[in-house]
Amino acid sequence: MTTLTLAGTAEEAPARPITATARHGRRYPTWLRWLVRAGSLATALTLYQWVTAADINLGVRFDRLPTLAELGESLGHHLASGQYYLDITQSLIRILTGFALASVVGVACGVAVARSRVLADLLQPLFEVVRPIPAIALVPVAILVFPTNEQGIVFITFTAAFFPILVSTRHAVGAVPTVWEDAVRTMGGGRLRVLASVVLPGSLPGVFSGLSVGMGVSWICVISAEMISGDFGIGYRTWQSYTIVDYPGVLVGMATIGVLGWATAGAVELAGRRATRWLPARARERQR
Amino acid sequence: MIALRAEGLSLGYDGAPVVSGVDLAIEPGELFAVAGASGCGKSTLLRAFAGLLPPRAGTLLAGDEPVRGTSPDRALVFQDDALLPWRTARRNVELPLAIRGVPRSERRARAAEWLARVGLAGQERRLPGQLSGGMRQRVQLARTLAGAPRAVLMDEPFGALDAQTRAAMQRLLIEVRDASPATVVFVTHDVDEALLLGDRVAVLAPDGVRDLVDVPHPRDVDARGAPEVAAARTRILTALEPVLEAEPCAPRP
Ligand SMILES: Nc1ncnc2c1ncn2[C@@H]1O[C@H](COP(=O)(O)OP(=O)(O)OP(=O)(O)O)[C@@H](O)[C@H]1O
Ligand SMILES: [Mg+2]
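Per an unreviewed UniProt entry, chain B goes by the name Nitrate ABC transporter, ATP-binding protein and belongs to Phytohabitans aurantiacus.

The name given to chain A in an unreviewed UniProt entry is Nitrate ABC transporter, permease protein, and the organism recorded there is Phytohabitans aurantiacus. Quoted verbatim from the Sequence similarities (unreviewed entry) field of UniProt, the annotation for chain A is "Belongs to the binding-protein-dependent transport system permease family." In its Subcellular location (unreviewed entry) section, the UniProt entry covering chain A states "Cell membrane".

Structure, rendered in structure tokens:
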């Protein structure tokens, strides 16, 4: 019986290398990947052009949307006006300030809550009560409390990004294997050394997933806040276009938000990859 | 060098104690081997000596001081992977030197030197994830010895090595100990390794030290075939046996 099975395996063996070839087949060159990505966007644009130019009305009134040509024209006007760049800069300053503050405070609070029982008891109840409140619901409070509009919007962006970062950091710190900390302690490392050499680097992968989520939520909130109470910024401008019935302007504003959001999310993603090169999964990605 | 003593020591985690009634007196500068069945609390005992696990009962002394916490004087080579995966091999070895306040340039040279001594010259810039299990174990050994501790606690340090590398590491350990004397406590499943390296071998069981054997002709390769060594070997094996068969080393309810 045993001999038979063994012989069978030996005979089947030559068929095996197929798996290896299949794996190699999955490697496809970087230029092709970029081509596919660009193709995906181009297809979406073509579809848009088709439904708007052919005046399609399937219950949803695509005929009311401006065509690509109209959008291109509007974008041209935007690009030629200084106002467009001012709005973009204003929104970027707001989001980056809020996000940077949220990163520092969120990571610090997350580590504190995960590492100290006293601080957890002190801070955790506050966080849990404030966390369910949507950041955008803080607009009235922000208007009341902050002397300038600017500070209010930054505050709302901060609050939006703070909680995802806090929660991810707390979990990531809790998931750091204890053997790393034990090792540093048996070398004579104290609390600060453990924090700097083990806890912070060890929790980075989780922290970065919080930063990614935080960046996304920040955009939602900065745009909404600008629409409600802004006097500048890409969100304010988009809403302004709507009130003056400039639909191409609305869509150009939306597309701008999309591209800016994509760029900032990409930056966070890139930083995360650089900071977590040591993860086994990253090494596997590089081989692919 | 530092003496390590346990009297009526009882150790455990959340539930029932893992080991109790441990009495040991390890001399300064001694090479002390600990054997015992899997799950009998050998790693637990080393963790207690390292100051990572407070005793449930009994006393634990390092020199004349009770062990109250970790100290750079009592370094532990962990059984499982304890290298920091985001630091290269060299930066891992530099860590205890950094903790001791060695200046940066000197750290680098000393770490490279230690890596060369464990046979890993040229691998300094690799991350632990890019090294084999045996290589990682050797980096851990280099990291521990680089800190020049007065007591080295080693949990199956040569477990994942081939016979040649293993012999080389054993020689390195003896060499390092002769150059800068330290008390060494090491856990091993290999009776021959215990007999080759150790001055004494303790066989651990859940109810304390089952047997304590003086090794004849320690660290003398030529005396390995001697009848008194064979007798010591048989004695250790018999002490190990009932632990394996009659008392499975699961935590008692
Ligand atoms: N962190 C822990 N929490 C709870 N119980 C633990 C913990 N670590 C070990 N134990 C228990 O303590 C007992 C002894 O474990 P220990 O690791 O000391 O064994 P060991 O003698 O080193 O075994 P091996 O030779 O397999 O390494 C085991 O029953 C194990 O289940
Ligand atoms: Mg063990």
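*Asks:* Any chance you could explain the overall build of chain B here in plain terms?
*Replies:* Each helix and strand counted, chain B has 7 helices and 10 strands in total. Taken along its principal axes, the extent of the C-alpha atoms in chain B is 55 × 45 × 35 Å. Long-range pairs, those at least 24 residues apart, make up 67% of the contacts in chain B between residues at least 6 apart in sequence. Within the structure as shown, chain B displays about 10900 Å² of accessible surface, and the carbon and sulfur contribution to it stands at 50%.

*Asks:* Please clarify how the nonpolar core should be interpreted in this entry.
*Replies:* With 83 residues, the main nonpolar core has A:Ile156, A:Phe162, B:Leu4, B:Leu45, B:Leu153 and B:Val185 as its most contacted residues. A total of 12 residues in this core trace back to one element, the largest contributor, which is helix α10 (residues 191-229) of chain A. Setting aside residues up to four positions removed in sequence, B:Val185 forms contacts with B:Leu4, B:Ile26, B:Phe32, B:Val34, B:Leu46, B:Val152, B:Leu153 and B:Met154. Core analysis: the second largest hydrophobic core is formed by 45 residues, B:Leu145, B:Leu195, B:Val229 and B:Leu240 among them.

*Asks:* Can you walk me through the coordination of the magnesium ion (ligand 2) in this structure?
*Replies:* For a metal with four tetrahedral donors the ideal donor-metal-donor angle is 109.5 degrees, whereas six octahedral donors ideally subtend 90 or 180 degrees. Around the magnesium ion (ligand 2), the protein contributes the donor atoms B:Ser43 (OG) and B:Gln79 (OE1), which lie 1.9 to 2.1 Å from the metal centre. Of this pair, B:Ser43 sits in helix α1 (residues 42-50) while B:Gln79 is found in the loop between β6 (74-77) and α2 (89-99), placing the two residues 36 residues apart along the sequence.

*Asks:* Where do I start with the confidence of the model for chain A in this structure?
*Replies:* Caution is warranted with low-pLDDT regions, since their predicted coordinates should not be read in detail. Across chain A, pLDDT averages 87, with 90% of residues at or above 70. Per-residue pLDDT stays below 50 along residues 1-22 of chain A; that stretch engages in 0 contacts with residues further than four places along the chain or on separate chains.

*Asks:* Before we go on, may I ask you to explain the packing of aromatic side chains in this structure?
*Replies:* In this description, a pair of aromatic rings is defined by centroid distance and the angle of the planes. Per the counting criterion, the structure on display carries 10 aromatic pairs over all chains. Between A:Phe127 and A:Phe162, the ring centres sit 5.6 Å apart and the planes meet at 65°, which makes this aromatic pair edge-to-face. Taken together, the positions of A:Phe127 in helix α6 (residues 117-130) and A:Phe162 in helix α8 (residues 149-174) put the pair 35 residues apart, joining distant regions of the chain. A relative accessible area of 11% places A:Phe127 in the buried class. The class for A:Phe162 is buried, based on a relative accessible area of 6%. What links up through ring pairs into an aromatic cluster is the set A:Phe127, A:Phe158, A:Phe162 and A:Phe163. Lying over the aromatic face of A:Trp34, A:Arg37 brings its terminal NZ or CZ to 4.5 Å of the ring centre. In this structure, B:Arg117 packs its charged tip against the face of B:Trp114, placed 4.7 Å from the ring centre.

*Asks:* Sorry, what's going on with the UniProt feature "domain: ABC transporter" (unreviewed entry) in chain B here?
*Replies:* The positions that UniProt labels "domain: ABC transporter" (unreviewed entry) are, in the present scheme, residues 4-231 of chain B. The span residues 4-231 of chain B shows a helical share of 34% and a strand share of 26%, and its end C-alpha atoms are spaced 27 Å apart.

*Asks:* Sorry, what's going on with the pattern of salt bridges here?
*Replies:* Pairing between side chains of opposite charge can happen when their charged atoms approach one another. In the structure shown here, the tally under the stated rule is 24 salt bridges over all chains. In this structure, the salt-bridge partner of A:Glu128 is A:Arg131, at a minimum N-O distance of 3.3 Å. Under the relative-accessibility criterion, A:Glu128 is labelled partly exposed at 33%. Between B:Arg219 and B:Asp199 there is a salt bridge whose closest N-O contact spans 2.9 Å. Placement of the pair is B:Arg219 in the loop between β10 (208-214) and α7 (227-245) and B:Asp199 in the loop between α6 (191-197) and β9 (200-205), with a sequence separation of 20 residues. The structure contains a network of salt bridges with shared partners spanning A:Arg94, A:Glu150, A:Glu226 and A:Asp231.

*Asks:* Sorry if this is basic, but what is going on with the interface of chain B and chain A here?
*Replies:* Accessible area lost upon the coming together of the parts serves often as the stated size of an interface. Listed by partner, the interface residues are 25 residues for chain B and 16 residues for chain A. Both faces considered, chain B and chain A share a buried interface measuring about 1700 Å² in area, 69% of it formed by carbon and sulfur atoms. The salt bridge involving B:Arg47 is made with A:Asp182; its shortest N-O contact spans 2.9 Å. The tally of links between chain B and chain A comes to 3 residue pairs in polar contact (both at pLDDT 80 or more). Elements that contribute at least two residues to the side of chain B that touches chain A include exactly α1, β6 and α2 of chain B. Per-element tally for the side of chain B that touches chain A: the top contributor is α2(B), with 4 residues.

*Asks:* How should the UniProt feature "transmembrane region" (unreviewed entry) in chain A be read in this particular structure?
*Replies:* In the numbering used here, UniProt assigns the "transmembrane region" (unreviewed entry) feature to residues 31-51, 92-114, 126-146, 152-173, 194-227 and 247-268 of chain A. Secondary structure across residues 247-268 of chain A comprises 100% helix and 0% strand; the distance between its end C-alpha atoms is 32 Å.

*Asks:* Mind showing me how you'd approach the UniProt feature "domain: ABC transmembrane type-1" (unreviewed entry) in chain A here?
*Replies:* If you check UniProt for "domain: ABC transmembrane type-1" (unreviewed entry), the listed places come out as residues 88-269 of chain A in our numbering. Regarding residues 88-269 of chain A, the helix share stands at 86% and the strand share at 0%, and the terminal C-alpha atoms are separated by 21 Å.

*Asks:* It is not clear to me how the packing of helix α5 (residues 82-115) of chain A against α10(A) should be interpreted in this structure. Could you clarify?
*Replies:* When two helices pack together, you describe them by how their axes are tilted relative to each other and by the distance separating the axes. All names here are of chain A. Taken N-terminus to C-terminus, the directions of α5 and α10 make an angle of 140°; their axes are 7 Å apart at the nearest point. Classified by the angle between their axes, α5 and α10 sit oblique to one another. Of the two elements, α5 crosses α10, and the hand of that crossing is right-handed. Here the contact of α5 with α10 is composed, by residue class, of 15 nonpolar, 4 polar and 4 charged.

*Asks:* Could you clarify how one ought to interpret the pairing of β6(B) in this entry?
*Replies:* Put simply, side chains in a regular strand alternate between the two faces of the sheet. Residues and elements named next belong to chain B. Of the two faces of β6, both are covered, the one formed by Arg-74 and Leu-76 as well as the one formed by Ala-75 and Val-77. One ladder, built from 4 bridges, connects β6 with strand β7 (residues 151-155); its direction is parallel. Paired with Val-77 across the bridge in β7 is Met-154.

The rules behind the values
Residues numbered from 1 in each chain as written. Chains lettered and ligands numbered in written order. Predicted model: local features only at pLDDT ≥ 70, side-chain atom pairs only at ≥ 80, totals over all residues. Heavy atoms only, no water. UniProt positions renumbered as here; feature names shortened; annotations may be inferred. Helix = DSSP H or I, 4+ residues; strand = E, 2+ residues; numbered from the N terminus. Contact = heavy atoms within 4.5 Å. Areas by Shrake-Rupley, 256 points an atom, 1.4 Å probe, with all protein chains shown as cover. Core = buried A, V, L, I, M, F, W, Y, C linked by side-chain atoms within 4.5 Å. Buried < 20%, exposed > 50% of the residue type's maximum accessible area, 1.4 Å probe, protein only. Donors = N, O, S within 2.8 Å, 3.2 Å for Na, K, Ca; no water. pLDDT = per-residue confidence, 0-100. Phe/Tyr/Trp six-rings, centres within 6.5 Å; stacked < 30°, edge-to-face > 60°. Lys NZ or Arg CZ within 6 Å of the ring centre and 35° of its normal. Salt bridge = Lys/Arg side-chain N within 4 Å of Asp/Glu carboxyl O. Buried area = accessible area lost by both parts, 1.4 Å probe. Polar contact = N/O pair within 3.5 Å; in protein donor to acceptor, adjacent residues only side chain to side chain. Axes fitted to C-alpha atoms, helices over the stretch in contact; angles between N-to-C directions. Parallel < 35°, antiparallel > 145°, perpendicular 65-115°, else oblique. Left-handed = near helix turned anticlockwise from the far one by under 90°. Nonpolar A, V, L, I, M, F, W, Y, C, P; charged D, E, K, R; others polar. Pairing = 2+ DSSP bridges.

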